[in-house]
Amino acid sequence: MRSSLSGIGYKVEARNNARAMARDATTAFGEWLSLPEWEWYCTHTFAGDFKSPKLADKHFYAWFNSLRMACYHKRLERPYYFRVTEMQERDVMHFHSLIGGVGDIRRLLFKDLWELHGFARVEKYERGKGANFYVGKYLTKADGDIRLSHNLSKHLT
């Protein structure tokens, strides 16, 4: 049976509607992620054939705890994050994250610290450049794993 209004098949219309809904959800999620005052946009890539999600989490949290300690010593509030996991086409795991509450902590120090595990980009977050939407697109990806810090909620209002 064909849709009388659009002249296209039901399956095509349903598929296009699902794509539109996913796009709308991604946009809304990206807008939600624009609320906190992010300071860094990071990409953490693992070396070679690293594929252990459990060990990857352990490495990320060790890295983040080092950042937390640096903030503590500078008398800053606890930093916060939003992180997603992605498998690259070459089958290597990496994270994208937005991080806030880091003040004047040196980004390149934490880039170097991550590079014990692979490759990192720790860039200054620039509002309006789309990093929040880029990270937000993982809401609708089948293999996307989303994590956030327990204290992020106080930065969302």
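The structure this text deals with has already been given above.
Given the structure is predicted, the values throughout are model-derived calculations rather than measurements.

Attention now goes to unusual backbone geometry. Non-glycine residue Arg75 carries a positive phi angle of around 60°. Inspection of the secondary structure assignment puts Arg75 in the loop between helix H2 (53-73) and strand S2 (80-87).

Pairing is antiparallel across the open sheet formed by five strands, whose spatial order is S4-S1-S3-S2-S5. Strand pairing shows two members of the sheet lacking a second neighbour, strand S4 (118-124) and strand S5 (145-148), which therefore form its edges. Sheet twist, expressed as the average angle between the axes of neighbouring strands with direction ignored, equals 15°. Where strand S1 (residues 38-46) lies against strand S3 (residues 93-100), seven bridges are found, and the strand directions are antiparallel. If you follow Tyr41 over to S3, its bridge partner there is Leu98. Here H2 sits on the sheet and contacts S1, S2, S3 and S5; the angle it forms with S3, its principal contact strand, is near 30°. The strands touched by helix H3 (residues 107-114) are S1, S3 and S4; relative to S4, the strand with the most contacts, the crossing angle is about 165°.

In the structure shown here, the tally under the stated rule is 14 aromatic pairs. Seen from their ring centres, Trp63 and Phe110 are 6.0 Å apart, and the 90° between their planes marks the pair as edge-to-face. In this pair, Trp63 sits in helix H2 while Phe110 sits in helix H3, placing the two residues 47 residues apart along the sequence. Like Trp63, the residue Phe110 is buried in the burial classification. An angle of 65° between the planes, with centres 6.5 Å apart, marks the rings of Phe95 and Trp114 as edge-to-face. Of this pair, Phe95 sits in strand S3 while Trp114 sits in helix H3, and the two are 19 residues apart along the sequence.

The next point concerns the pairing of S1. Burial runs high along S1: eight of the nine residues are buried. Here seven bridges tie S1 to S4, and the two strands are oriented antiparallel to one another. The partner of Cys42 across the bridge, within S4, is Val122.

As for its placement among the helices and strands, Thr45 is situated in strand S1. Under the relative-accessibility criterion, Thr45 is labelled buried at 5%.

Ranked by internal contacts, the top residues of the largest apolar core, which has 20 residues, are Trp40, Trp63, Leu67 and Ile99. Of all the secondary-structure elements, those providing two or more residues to this core are S1, H2, S3, H3 and S4. Ignoring sequence-local partners within four residues, the contact set of Ile99 consists of Trp38, Glu39, Trp40, Cys42, Trp63, Phe64, Leu67, Tyr80 and Tyr81. Listed in part, the 13 residues of the second largest apolar core include Trp38, Tyr80, Tyr125 and Leu152.

Let us look at the packing of H2 against H3. Orientation of H2 relative to H3, taken along the N-to-C sense of each, is 150°, at an axis distance of 11 Å. Classified by the angle their axes make, H2 and H3 are roughly antiparallel. Taken as a pair, H2 and H3 cross one another with a handedness that is right-handed. Contacts from His59, Phe60, Trp63, Ser66, Leu67 and Ala70 in H2 reach Phe110, Leu113 and Trp114 in H3.

Our next topic: the pattern of salt bridges. Applying the stated criterion across every chain, the model contains seven salt bridges. The salt bridge partner of Lys111 is Glu115, with a shortest N-O separation of 2.6 Å. Members of the salt-bridge network, linked through shared partners, are Asp57, Arg83 and Arg147.

About the thresholds
Residues numbered from 1 in each chain as written. Predicted model: local features only at pLDDT ≥ 70, side-chain atom pairs only at ≥ 80, totals over all residues. Heavy atoms only, no water. Helix = DSSP H or I, 4+ residues; strand = E, 2+ residues; numbered from the N terminus. Pairing = 2+ DSSP bridges. Axes fitted to C-alpha atoms, helices over the stretch in contact; angles between N-to-C directions. Contact = heavy atoms within 4.5 Å. Phe/Tyr/Trp six-rings, centres within 6.5 Å; stacked < 30°, edge-to-face > 60°. Buried < 20%, exposed > 50% of the residue type's maximum accessible area, 1.4 Å probe, protein only. Core = buried A, V, L, I, M, F, W, Y, C linked by side-chain atoms within 4.5 Å. Parallel < 35°, antiparallel > 145°, perpendicular 65-115°, else oblique. Left-handed = near helix turned anticlockwise from the far one by under 90°. Salt bridge = Lys/Arg side-chain N within 4 Å of Asp/Glu carboxyl O.

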